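This is what each chain is made of:
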Amino acid sequence: MAIKPAKPPTFAWEGTDKKGNLVRGELTALSPALAKAYLRKQGVTSVKIKKKTTSIFNKGKKIKPLAVALFTRQLATMMKAGVPLLQSFDIIAEGVDNPNMRRLVEDVKQDVAAGNSLASSVRKHPLYFDELYCNLVDAGEQAGALETLLDRIATYKEKTEALKAKIKKAMTYPAAVLVVAFIVSGILLIKVVPQFQSVFAGFGAELPAFTQMVIDLSNALQEWWLIVLVFLCAFFFAFRHVYRTSKPVRDTIDRALLKAPIVGGILYKSAVARYARTLSTTFAAGVPLVDALDSVAGATGNVVFKNAVNTIKQDVSTGTQLNVSMRSVAIFPSMAIQMTAIGEESGALDEMLEKVATYYEAEVDNAVDSLTSLMEPMIMTVLGVVVGGLVIAMYLPIFKLGAIV
């Protein structure tokens, strides 16, 4: 097994240029001496040069998809402006704060500088550049329109990540309601109810059933709260592990989420939008429809749509029109099917699909905004019911005692 050579360190330097102006920057070299020699060739007299250390807080910082989208957008913009590809990599790397992202850009640059194509260079990093990304870059290089394809990829990734952010926002609100209600209930049961319990002990009368139930729950929670907390944490991590490792579990949850009230409609529209956006981008790049559907299947984000797209791919490969196959799987809305039919008849399928994607992305945006507005009073209602119910349970004996007096 070949040993991968260690990457050369990065040096931070300060110096003066030919005009005597103070300049500073960073460069990668095997040693400080080689770094100084490189700077001399650039007309820079180095004053200070030292090896750059990576902060422990930034060392493990992940490269997010949005960072890849920004990298693609910057690369497309600079290439359209006539900046050479290798110089574009240098400019992008200098402006990146995340060390891991900077290292990724430098790795891609080194591969391209060694004579490899951009497509083959990004294929070496599948964790950040998926198959669709690599295929579109490859298509752009072969067609001699790399900057145009990079611009399309950047738009696609920006739209996709914006859509994901909206879905995450929609899913976060219900979870926030449950968590807040759980925390408030726990605090009241552990800290507040015992204070009332000591008062009730001197009544010498039978407590109302509702009050007794709350007191029993408080006693149990005071005794077992640590076990309950450990159980909930263990359940959360076990569920996350099973979800990541078990395809049947993921598929079941995907199907259930589509049928969920409120959230299901948002997820459905987002899947349609991703389908249309991905197919529009790949088809406009000159990728054959059957091959484009391969990328679309994995991009929909839901197993129901993935299975439907695979069925569509099989139908299209046998000569069936796309809109006919979409209608036969009985999952796509009629508006998307009709727009697809118009696109196929007019020869502007990519434009029609882009309109479909834009429409359903706007629908998701409106639905999330509506959900946000709905959830604010719902949070207050849930907390009011929880807190109010506990307060009523504690004051019932007092009210009962007052009525007797």
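Quick note: structure is the one above.
Residues numbered from 1 in each chain as written. Predicted model: local features only at pLDDT ≥ 70, side-chain atom pairs only at ≥ 80, totals over all residues. Heavy atoms only, no water.

### Let's talk about the overall build of the chain
Inclusion rule: Helix numbers and strand numbers start at the N terminus; a helix is a DSSP run of H or I with at least 4 residues, a strand a run of E with at least 2. Put simply, the radius of gyration uses C-alpha atoms, and a globule should come to 2.2 Å times the residue count raised to 0.38. A simple rule labels every residue: compare its accessible area, found with a 1.4 Å probe on the protein chains alone, to the largest value its type can have, and call it buried under 20%, exposed over 50%, or partly exposed in between. Contacts between residues were defined by any pair of non-hydrogen atoms, one from each residue, lying within 4.5 Å. Throughout, the Shrake-Rupley method with a 1.4 Å probe supplies accessible areas, and for residues the shown protein chains are the sole cover considered. Neither His nor the chain ends is counted toward charge; the positive residues are Lys and Arg and the negative residues Asp and Glu. By convention, the charge on Lys lies at NZ, on Arg at CZ, on Asp at CG and on Glu at CD.
What the chain contains, in helices and strands, is 16 helices and 3 strands. A compact globule built from 405 residues should have a C-alpha radius of gyration of about 22 Å, whereas the chain, at 30 Å, is more than 25% larger. Each principal axis of the C-alpha distribution contributes one length, and for the chain these read about 95 × 65 × 45 Å. With 405 residues in all, the chain has 36% of them scored as buried. Excluding contacts between residues fewer than 6 apart, the proportion of contacts in the chain whose partners are at least 24 apart in sequence is 60%. For the chain, the exposed area adds up to about 23,300 Å²; of that, 62% sits on carbon and sulfur atoms. In the chain, which carries 45 positive and 35 negative side-chain charges, the distance between the mean positions of the two groups comes to 8 Å.

### Considering the environment of A35
Along the chain, the position of A35 falls in helix 1 (residues 32-41). Assessed through its relative accessible area of 0%, A35 is described here as buried. Through-space distance from the C-alpha of A35 to that of P377 is 61 Å; in sequence the pair is 342 residues apart. For A35, the contacting residues outside a window of four places in its chain are F11, L27, A29 and I49.

### A short note on unusual backbone geometry
Positive phi outside glycine occurs at A330, with the angle close to 55°. Structurally, the position occupied by A330 is in the loop between helix 14 (322-328) and helix 15 (334-346). Owing to a relative accessible area of 67%, A330 belongs among the exposed residues under this scheme.

### As for the packing of aromatic side chains
Ring pairs (aromatic) are described by centroid distance and by the angle formed between their planes. This is how it is decided: Aromatic rings from Phe, Tyr and Trp, with only the six-membered ring used for Trp, were paired whenever their centres fell within 6.5 Å, and each pair was classed as stacked if the ring planes differed by under 30 degrees, edge-to-face if by over 60, and tilted otherwise.
Under the criterion given, the structure shown has 10 aromatic pairs. Both rings, one in F129 and one in Y133, keep their centres 4.9 Å apart while their planes meet at 50°; by these two values the pair is tilted. Y133 matches F129 in its accessibility class, with the two residues each being buried.

### Section: the pattern of salt bridges
Our working definition: Just to be clear on terms, a salt bridge is a Lys or Arg side-chain nitrogen sitting within 4 Å of an Asp or Glu carboxyl oxygen.
All chains considered together, the criterion is met by 12 salt bridges. The partner of K109 in a salt bridge is D90, with the nearest N and O atoms 2.7 Å apart. Taken together, the residues span a long stretch of sequence, with K109 in helix 5 (residues 99-113) and D90 in helix 4 (residues 85-94) at a distance of 19 residues. A relative accessible area of 24% means that K109 is categorised as partly exposed. The class of D90 is partly exposed, set by a relative accessible area of 32%. The partner of D251 in a salt bridge is K247, with the nearest N and O atoms 2.8 Å apart. One end of the pair, D251, and the other, K247, are both in helix 10 (residues 247-259), 4 residues apart, so they sit about a helical turn from each other. Residue classification places D251 among the buried positions, given a relative accessible area of 12%. Under the relative-accessibility criterion, K247 is labelled partly exposed at 46%.

### Some remarks on the side chain of S270
With respect to the helices and strands, S270 occurs in helix 11 (residues 263-284). Assessed through its relative accessible area of 1%, S270 is described here as buried. Every residue in contact with S270, bar those within four places of it in the chain, is listed here: L163, I167 and V364.

### Considering helix 8 (residues 146-200)
Filter applied, for reference: One fewer than the residue count of a helix, multiplied by 1.5 Å, yields its expected span. Note on bend: the value at a residue is the angle between axes fitted to the seven residues ending there and to the seven starting there.
Helix length check: helix 8 (55 residues) gives 78 Å between terminal C-alpha atoms against 81 Å at 1.5 Å per residue, within 8%. Of all the bends found along helix 8, the most pronounced is centred on V193 and spans about 40°, while P194, a proline, follows it within four residues.

### Here's the deal with the packing of helix 8 against helix 11
For clarity, the cut-off: Axis definition: a line fitted to C-alpha atoms, over the contacting stretch in the case of helices. Angles run 0 to 180 degrees between N-to-C directions. Each angle is binned into one of four classes, with values under 35 degrees roughly parallel, values over 145 roughly antiparallel, values of 65 to 115 roughly perpendicular, and all other values oblique. As a working rule, the residues Ala, Val, Leu, Ile, Met, Phe, Trp, Tyr, Cys and Pro are called nonpolar, Asp, Glu, Lys and Arg charged, and the rest polar, with Gly in that last group.
Running from amino to carboxyl end, helix 8 crosses helix 11 at an angle of 175°, the nearest separation of the two axes being 11 Å. The angle between helix 8 and helix 11 places the two elements in the roughly antiparallel class. Residue-level inspection shows R152, Y156, K159, T160, L163, K164, I167, A170 and M171 of helix 8 in contact with helix 11, the latter providing V263, I266, L267, S270, A273, R274, R277, T278, T281 and A284. Of the residues assigned to the contact of helix 8 with helix 11, the class counts are 10 nonpolar, 4 polar and 5 charged.

### So, a nonpolar patch on the surface
Basically, it comes down to this: Patch construction takes residues with relative accessible area above 30% that form no salt bridge. Like charges are linked within 9 Å, and nonpolar side chains (Val, Leu, Ile, Met, Phe, Trp, Tyr) are linked within 5 Å.
There is a patch of nonpolar side chains on the surface, built from V179, F182, I183, I187, W224, I227, V228, F231, L232, F235, F239 and Y243 and spanning about 1,200 Å² of accessible area. By the element assignment, L232 lies in helix 9 (residues 209-245). L232 gets classed as partly exposed once you look at its relative accessible area, which sits at 33%.

### Details of the packing of helix 7 (residues 131-143) against helix 8
Using the following cut-off: Crossing handedness: left-handed means the near helix sits turned counterclockwise from the far one by under a right angle, and right-handed means the same turn made clockwise.
Running from N to C, helix 7 and helix 8 point in directions that differ by 155°, and their axes come no closer than 7 Å. Judged by the angle between their axes, helix 7 and helix 8 are roughly antiparallel. In the crossing of helix 7 with helix 8, the sense of the turn from one axis to the other is right-handed. Across the interface between the two elements, L132, Y133, L136, V137, G140 and E141 from helix 7 touch L146, L149, L150, I153, Y156 and K157 from helix 8. Each residue belonging to the contact of helix 7 with helix 8 can be placed in one class, and the counts come to 9 nonpolar, 1 polar and 2 charged.

### Some points on the environment of D254
We count it as follows: In protein, a polar contact means a hydrogen-donor-capable atom and an acceptor-capable atom, both N or O and within 3.5 Å, with residues adjacent in sequence counting only if both atoms are side-chain atoms; elsewhere, any N or O pair within 3.5 Å suffices.
Assignment of secondary structure puts D254 in helix 10. Taking the C-alpha atoms as reference points, D254 and F305, 51 residues apart in sequence, are found 9.8 Å from one another. Those residues in contact with D254 that sit more than four places away from it in its chain are Y243, G301, N302 and V303. Side-chain polar atoms of D254 contact the backbone nitrogen of V303, separated by 3.2 Å.

### Description of helix 3 (residues 65-80)
The terminal C-alpha atoms of helix 3, which comprises 16 residues, lie 23 Å apart, in line with the 22 Å expected from a rise of 1.5 Å per residue. Looking only at helix 3, the buried set comprises V68, A69, F71, T72, L75, A76, M78 and M79. Elements that come into contact with the buried residues of helix 3 comprise helix 4, helix 5, helix 6 (118-123), helix 7 and helix 8.

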